[in-house]
Amino acid sequence: MSKRDYYEVLGVAHTASDEELKKAYRRLAMKHHPDRNTAGDKASEESFKEAKEAYEVLSDASKRRAYDQHGHTAFEHGMGGGGAGPGFADVGDIFGDIFGDIFGGGRGRQAQRRGADLRYMLDLDLEEAVFGVERKIDIATLIDCRVCTGSGSADGKIDTCATCRGQGRVRLQQGIFSLQQACPTCGGRGKVIANPCMACHGEGRAEDTKTLAVKIPAGVDNGDRIRLAGEGEAGPAGSPSGDLYVEVRVRDHAIFQRDGDDLHCEVPIRISQAALGDTVRVPTLNGEAEIRIPAETQTGKLFRLRGKGVKSVRSRSAGDLLCRAVVETPVNLTARQRELLDEFESTFQGDDARRHSPRSSTFLDGVKSFWERIRS
């Protein structure tokens, strides 16, 4: 069944203000909330969910713009953005406004607004991710105004709001219901500024770039996040700052590929080494190591060096290094080398040659069987 238009759900015009949206949602929420329909009225329950969904979208400016342009399709396949945005938080606030005093658990004071959380993508080399590193990063953000030091007041005077007496909320009586809402005078802050700072217009914050030193712990991997508390956007007029989340992105490495705590690499060996066996040196993140190549080694054979991988931030022990042997065809041969190879090749005669090339023999047998099936 197709969804109804969100404006139709709330019963408002497409030009409705934020206050009109809020009032419409309150009216529907009061009517259809499950706590007021304990008899299990499914229709009322669905109406409540429908109104809640509509308000979550229309109360958020960015979501509302997306909805006005694309309708419900704006929130399909990620077009409208994921996760709970400001609209979701507002719904929770209104829910508390309406039902806090009626059904218990009401909040006496509005939660202090905090600055927005920020995300920063940090590119690291594999070695930096494995062993840890300290990096300096520049963040463009809102910081406390340097003129008023974040207070928003030009003279430092901040008065308690006379309307709500510092509570940030006012109580309204509507019939038998007692409702709360953000104070219209102070906007829920509980404080008022008579002489706003001219530099930040009373906001207490301004755009700027700050430099931070970030310590990356050893063993981080792609997608790991480091939270720097209070390093996000400054909150308005002295309220708490948000957090900064530094997300790690590890660059491709020339030798190693990481798979969890294990590392993988390819080790090229000559035909003679593969046939006769040898000891070869291979790189690790902690220096060189040796692996023993047994005689008659084929391309693709894996050699495991235990404990030579990565000790992640979530592990107590390091992973392994898996080396994949790759038999190389020699190039730039001298005349003598060609002569020796010709002599060597001449030793493979008839059926005797097949026992020296196990993979080739298997392949040829498969081809022969395939053609026999085709002809039959």
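Asker: Can you walk me through the packing of helix α3 (residues 42-58) against helix α4 (residues 61-70) in this structure?
Answerer: Helix packing for two helices is described by the angle between their axes and how far apart those axes are. Their axes nearest at 6 Å, the elements α3 and α4 cross at an angle of 105 degrees. The orientation of α3 relative to α4 falls into the category roughly perpendicular. Two secondary-structure elements touch here, α3 through Glu-56, Val-57 and Leu-58 and α4 through Lys-63, Arg-64 and Tyr-67. Along the lines of polarity and charge, the residues of the contact of α3 with α4 split into 3 nonpolar, no polar and 3 charged.

Asker: Explain the environment of Gln-167 to me, please; I cannot follow it from the model alone.
Answerer: Checked against the element boundaries, Gln-167 lands in the loop between β3 (159-160) and β4 (169-174). With relative accessibility at 37%, the residue Gln-167 sits in the partly exposed group. Considering only alpha carbons, one finds Gln-167 and Ala-182, 15 residues apart in sequence, at a separation of 9.2 Å.

Asker: What should I look at first to understand helix α2 (residues 18-32) in this one?
Answerer: An α-helical turn contains 3.6 residues, so any two residues separated by three or four positions project in the same direction. The terminal C-alpha atoms of α2 lie 21 Å apart, and with 15 residues this matches the ideal 21 Å at 1.5 Å per residue to within 8%. For α2, the full list of buried residues reads Leu-21, Ala-24, Tyr-25, Arg-26, Leu-28, Ala-29, Met-30 and His-32.

Asker: What is the right way to look at the sheet that holds strand β15 (residues 321-327) in this model?
Answerer: Pairing between the strands of a sheet is mediated by backbone hydrogen bonds and can be parallel or antiparallel. A sheet is described by the order of its strands in space; here 4 strands give the open sequence β10-β11-β15-β14, paired in mixed fashion. Unpaired on one side and paired on the other, β10 (257-259) and β14 (302-305) mark the two borders of the sheet. Taken over all neighbouring pairs, the strand axes of this sheet differ in orientation by 30 degrees on average, direction set aside.

Asker: Looking at this structure, how should I read the nonpolar core?
Answerer: Grouped burial of nonpolar side chains is what soluble globular proteins tend to show. Counting residues in each nonpolar core, the largest one holds 36 residues, and the members touching the most others are Ile-137, Leu-244, Val-246, Val-282, Ile-291 and Cys-323. Core analysis: the second largest hydrophobic core is formed by 18 residues, Tyr-25, Leu-28, Ala-29 and Leu-58 among them.

Asker: Sorry, what's going on with the packing of aromatic side chains here?
Answerer: Between two aromatic rings, the relevant description is the distance of the centres plus the angle of the planes. This structure, assessed with the given rule, holds 4 aromatic pairs. Following the ring pairs from residue to residue traces out a cluster consisting of Tyr-6, Tyr-7 and Tyr-67. The ring of Tyr-245 is capped by Arg-225, whose NZ or CZ atom sits 4.4 Å from the centre of that ring. Positioned over the ring face of Phe-303 is Lys-301, at 5.7 Å from the centre of the ring.

Asker: Looking at this model, I keep getting lost on unusual backbone geometry. Mind explaining?
Answerer: Note: most peptide bonds trans; most residues except glycine with negative phi. With a phi close to 55 degrees, Arg-165 is a non-glycine residue in the positive phi region. With respect to the helices, strands and loops of the structure, Arg-165 is situated in the loop between β3 and β4. The phi angle at Asn-332 is positive, at roughly 55 degrees, despite the residue not being glycine. Structurally, the position occupied by Asn-332 is in the loop between β15 and α8 (335-345).

Asker: Which parts of the structure should I look at to understand the pairing of strand β12 (residues 278-284)?
Answerer: Successive residues of a regular strand alternate their side chains across the two faces of the sheet. With 7 bridges connecting them, β12 and strand β13 (residues 287-293) associate as antiparallel partners. From the neighbouring strand, Val-282 faces β13, where its bridge partner is Ala-289. Between β12 and β13, which pair antiparallel in sequence order, lie 2 residues.

Asker: When you look at the packing of α2 against α3 in this model, what are you seeing that I'm missing?
Answerer: Put simply, α2 and α3 touch, their axes get as near as 9 Å, and they point 160 degrees apart. Comparing their axes, α3 and α2 come out roughly antiparallel. Along this stretch, α2 crosses α3, giving a crossing that reads as left-handed. Of α3, the residues touching α2 (which contributes Leu-21, Lys-22, Tyr-25, Leu-28, Ala-29, Lys-31 and His-32) are Ser-44, Ser-47, Phe-48, Ala-51, Lys-52, Tyr-55 and Leu-58. Among the residues making up the contact of α2 with α3, the classes are represented as 8 nonpolar, 3 polar and 3 charged.

Conventions adopted
- Residues numbered from 1 in each chain as written.
- Predicted model: local features only at pLDDT ≥ 70, side-chain atom pairs only at ≥ 80, totals over all residues.
- Heavy atoms only, no water.
- Axes fitted to C-alpha atoms, helices over the stretch in contact; angles between N-to-C directions.
- Helix = DSSP H or I, 4+ residues; strand = E, 2+ residues; numbered from the N terminus.
- Parallel < 35°, antiparallel > 145°, perpendicular 65-115°, else oblique.
- Contact = heavy atoms within 4.5 Å.
- Nonpolar A, V, L, I, M, F, W, Y, C, P; charged D, E, K, R; others polar.
- Buried < 20%, exposed > 50% of the residue type's maximum accessible area, 1.4 Å probe, protein only.
- Expected span 1.5 Å × (residues − 1).
- Pairing = 2+ DSSP bridges.
- Core = buried A, V, L, I, M, F, W, Y, C linked by side-chain atoms within 4.5 Å.
- Phe/Tyr/Trp six-rings, centres within 6.5 Å; stacked < 30°, edge-to-face > 60°.
- Lys NZ or Arg CZ within 6 Å of the ring centre and 35° of its normal.
- Left-handed = near helix turned anticlockwise from the far one by under 90°.

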